[in-house]
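Fold and contact review
Now for the letters of each chain:
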Amino acid sequence: MSNYTVEIKSTNKPSILKFEFNEFLTKQKGYEYHNIEEAASSPIATPLFYLPFVKTVYISQNFIAVEKFNIVAWEDVQEEVAEQLLKHLNEGGKIVNEDEEKSSKKVPVTVYAESTPNPSVMKFVANKKLVLESAEFKTIDDADRSPLAQKLFHFPFVKEVFMDENYISINKYDMAEWDMITNELRSFIKDYIEEGGSILKTGSVSKAKTDEAASPKIDTSNLDDISKEIVQILEEYVKPAVASDGGNIVFKSYNTESKDVEVILQGACSGCPSSTITLKNGIETMLKEMLQGKINNVVAYNG
């Protein structure tokens, strides 16, 4: 019998919980299942779909992420899921039957290109979830944990790569125009996803490099009340709009004396000519109105 242990971790999407294990589950690639039929080749994922609240199952190198329907709260069922997964693994149960997985029909993926307010950045949107957390890569050396980003950097015109949820934002060098390279990138990303290529992996690089590449995580437990309010406003009102433009915004700090807010811009927002205007006329105004007397200024840093 194996000796697996599990750690339950939240993600930036409340409906998705990550069950992280102390040993590798698969060294091949990630797997995603939306129903019991799709999960037929995975002995560990199939039983999860007998739980009425399970919507989607993701299997990666050292974790299994489960997305639930909103009929239950995670705190009521997470231990049950963790116990079921541990029992399967510690009894020597298989993760995925590779032969069946390889023989299954390739599921077509749709990828379309969408312009952003930043003329140097194009957003490539897929009709399926690509990653569970945002990640930004400035150079190929930063992209150890993303095989897809590494391949994208081999295109001479790719400057930076940002990924989140179901899209990938690419920042290009001025040497190329979008009308000349968009179709090439879109086709490459589409084929890569359809062939089951790994997009974002865990446990393969040092913590330092992982921290550099990943979007900063906000632990609100140690924040003051005003900072918590700022984080909530950014998450609820600002992030969805910023994400639609292929970018991301992350709370950095709040100074109680100067009443200044610091945020980090990523993806299409990083270095965007309109970012300053957006902050001054949009985010800063919103925070001042919603937190009257508590905000003086918003300062942005590129991710």
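Structure: above.
Residues numbered from 1 in each chain as written. Predicted model: local features only at pLDDT ≥ 70, side-chain atom pairs only at ≥ 80, totals over all residues. Heavy atoms only, no water.

Turning our eyes to something else, we now look at the pairing of strand β2 (residues 16-21). For β2, a buried count of five out of six residues is recorded, marking the element as mostly surrounded by other parts of the structure. Taken together, the five bridges between strand β1 (residues 6-10) and β2 define a ladder with antiparallel strand orientation. Across the sheet, K9 pairs through a bridge with K18, a residue of β2. Counting the residues between successive antiparallel strands, the hairpin from β1 to β2 contains five residues. (Buried < 20%, exposed > 50% of the residue type's maximum accessible area, 1.4 Å probe, protein only. Helix = DSSP H or I, 4+ residues; strand = E, 2+ residues; numbered from the N terminus. Pairing = 2+ DSSP bridges.)

Turning next to the packing of aromatic side chains. Overall, the coordinates contain eight aromatic pairs when judged by the stated rule. Ring geometry for F155 against F157: centres 5.6 Å apart, planes inclined by 35°, an arrangement best described as tilted. Using a relative accessible area of 8% as the deciding quantity, one classes F157 as buried. Relative to Y192, the ring of F188 has its centre 6.1 Å away and its plane inclined at 35°; by these criteria the two rings are tilted. Of this pair, F188 and Y192 both sit in helix α4 (residues 178-194), four residues apart, which is roughly one turn of the helix. Here the aromatic cluster, defined as three or more aromatic residues joined through ring pairs, consists of F155, F157, F188 and Y192. (Phe/Tyr/Trp six-rings, centres within 6.5 Å; stacked < 30°, edge-to-face > 60°.)

Now for the sheet that holds strand β8 (residues 135-137). One key point about sheets: their strands pair by backbone hydrogen bonds, in either a parallel or an antiparallel sense. Here five strands make up an open sheet; going across it, the order is β6-β7-β10-β9-β8 and the pairing antiparallel. Only two strands of the sheet have a single neighbouring strand rather than two, namely β6 (111-115) and β8. The sheet shows a mean angle of 20° between the axes of neighbouring strands, taken without regard to direction. Looking at chain direction, β8 and strand β9 (residues 158-164) are connected through three bridges and run antiparallel. Across the sheet, residue F137 finds its bridge partner in β9, namely V161. Contacts from α4 reach β6, β7 (121-126), β9 and β10 (167-172), with the element oriented near 30° to β7. (Axes fitted to C-alpha atoms, helices over the stretch in contact; angles between N-to-C directions. Contact = heavy atoms within 4.5 Å.)

Following the sequence through the fold, P43 ends up in the loop between β3 (31-33) and β4 (54-59). Its relative accessible area of 27% is what places P43 among the partly exposed residues. For the pair formed by P43 and G93, sequence separation is 50 residues and the distance between their alpha carbons is 7.2 Å. Ignoring any residue separated from it by four or fewer positions in sequence, one finds P43 in contact with H88, K94, I95, V96 and N97.

Taken in spatial order, the five strands of this open sheet run β1-β2-β5-β4-β3, and their pairing is antiparallel. Each edge of the sheet is formed by a strand with only one pairing partner; in this case those strands are β1 and β3. Strand-to-strand twist of the sheet, defined as the mean angle between neighbouring strand axes without regard to direction, takes the value 20°. By the bridge criterion, five bridges tie β2 to strand β5 (residues 63-68) in an arrangement that is antiparallel. Bridge pairing in β5 places E20 opposite F63. Each of β1, β2 and β5 is contacted by helix α1 (residues 74-90), which is oriented at about 35° to β2, the strand it contacts most.

L152, M163, I168, I170, L185 and I199 are the most contacted members of the largest nonpolar core, which totals 30 residues. Within the residue set of this core, elements represented by two or more residues are β7, β8, α3 (147-152), β9, β10 and α4. The dominant element in this core, judged by the number of residues it contributes, is α4, at six residues. Contacts of I170, omitting those with residues within four sequence positions, involve S120, V121, M122, F124, L152, V158, E160, W178, L185 and I189. Core analysis: the next-biggest nonpolar cluster, separate from the first, contains 28 residues, Y31, A45, I64 and W74 among them. (Core = buried A, V, L, I, M, F, W, Y, C linked by side-chain atoms within 4.5 Å.)

Turning next to the pattern of salt bridges. The tally for this structure, following the rule as stated, stands at 13 salt bridges. Across the salt bridge formed by E262 and K252, the nearest N and O atoms sit 3.5 Å from each other. Note that E262 is positioned in strand β12 (residues 260-267) and K252 in strand β11 (residues 247-254), a separation of 10 residues in sequence. (Salt bridge = Lys/Arg side-chain N within 4 Å of Asp/Glu carboxyl O.)

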